[in-house]
Amino acid sequence: MIKKLYAKHKELVDYLFWGVVAFLLYMVIYWIFTSGMGMREVTATFFDNVIVIIFTFITNKLFVFRSKAGSFKGLVREFVSFVAARIFTFILNELIVWIGCDILGFNTQSYHLPFINDGMIVQLIAQAVVIITNYVLSKLLVFRHKKAPQAPVTENEQEQETV
């Protein structure tokens, strides 16, 4: 039953798994930049995004959407579309961080808890919005070409799945 459920929603489950990995990478890098290196939140968010965009293109292409671009031109189109979509969500992220930290005053100086600060709480909110937007853009715009057809499931394989 779990295999059937996973097979039915494989792309979404894979996206969520790699999204969690990217999110953790994003938050660790953000913490290093802000708490460890003393960068301002908006600057840290910029450099953090560059690193995570490259990571997520690779994981989305290979492990989530299993895209077969077909040519170098197709690969370049995917990468440019991916980066354009990520630039859009980067601007959205920066806007949320700017409003939360600079306008509303949720910044890293308010609390002195290890590993958690107000800027990170703003980042949690921003990342929830960004993750959903990124999936929709990747699914509808970036990796939208047809995948190679899968082999049909035989009766024997169907019987094994129900056991």
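As a starting point, this report considers the structure included with it. This structure is a prediction, so every number in the text was calculated from the model and none was measured. (Residues numbered from 1 in each chain as written. Predicted model: local features only at pLDDT ≥ 70, side-chain atom pairs only at ≥ 80, totals over all residues. Heavy atoms only, no water.)

Some details on the packing of aromatic side chains
Then step 1. Counted by the stated rule, this structure contains 13 aromatic pairs.
Then step 2. Both rings, one in F57 and one in F82, keep their centres 5.2 Å apart while their planes meet at 65°; by these two values the pair is edge-to-face. Of this pair, F57 sits in helix α3 (residues 41-64) while F82 sits in helix α4 (residues 72-103), and the two are 25 residues apart along the sequence.
Then step 3. We classify F57 as buried; its relative accessible area is 9%.
Then step 4. An aromatic cluster is built from Y15, F57, F65, F79, F82, Y135 and F143, whose rings are joined through pairwise contacts. (Phe/Tyr/Trp six-rings, centres within 6.5 Å; stacked < 30°, edge-to-face > 60°. Helix = DSSP H or I, 4+ residues; strand = E, 2+ residues; numbered from the N terminus. Buried < 20%, exposed > 50% of the residue type's maximum accessible area, 1.4 Å probe, protein only.)

Some details on a nonpolar patch on the surface
Then step 1. Where nonpolar side chains cluster on the molecular surface, the patch consists of F46, F47, V50, I54, I58, L62 and F63 and spans about 620 Å² of accessible area.
Then step 2. The residue I54 is located in helix α3 in this model. (Patch = residues over 30% accessible without salt bridge, like charges linked within 9 Å, V, L, I, M, F, W, Y side chains within 5 Å. Areas by Shrake-Rupley, 256 points an atom, 1.4 Å probe, with all protein chains shown as cover. Salt bridge = Lys/Arg side-chain N within 4 Å of Asp/Glu carboxyl O.)

What about α4?
Then step 1. Spanning 32 residues, α4 covers 44 Å between terminal C-alpha atoms, matching the ideal 46 Å at 1.5 Å per step.
Then step 2. Listing the buried residues of α4 in full gives G74, E78, F82, A85, R86, T89, F90, N93, E94, V97, G100 and C101.
Then step 3. Here the buried face of α4 lies against α2 (10-36), α3 and α5 (118-142).
Then step 4. The positive-phi residue at the C-terminal boundary of α4 is G105, with phi of around 85°. (Expected span 1.5 Å × (residues − 1). Contact = heavy atoms within 4.5 Å.)

Here's the deal with the packing of α4 against α5
Then step 1. At their nearest, the axes of α4 and α5 sit 9 Å apart, and the two run at 155° to each other. The pairing of α4 with α5 is recorded here as roughly antiparallel in orientation. As α4 packs across α5, the resulting crossing turns out to be right-handed.
Then step 2. Here the residues of the contact of α4 with α5 are counted per class, giving 14 nonpolar, ten polar and three charged. (Axes fitted to C-alpha atoms, helices over the stretch in contact; angles between N-to-C directions. Parallel < 35°, antiparallel > 145°, perpendicular 65-115°, else oblique. Left-handed = near helix turned anticlockwise from the far one by under 90°. Nonpolar A, V, L, I, M, F, W, Y, C, P; charged D, E, K, R; others polar.)

Some words on the pattern of salt bridges
Then step 1. In this structure the tally under the stated criterion is five salt bridges.
Then step 2. We note a salt bridge from R40 to D102, for which the minimum N-O separation is 3.5 Å. Note that R40 is positioned in the loop between α2 and α3 and D102 in helix α4, a separation of 62 residues in sequence.
Then step 3. According to the relative accessible area criterion, R40 is exposed, its value standing at 52%.
Then step 4. By sharing partners, the salt bridges in this structure join K10, D14 and R66 into a single network.

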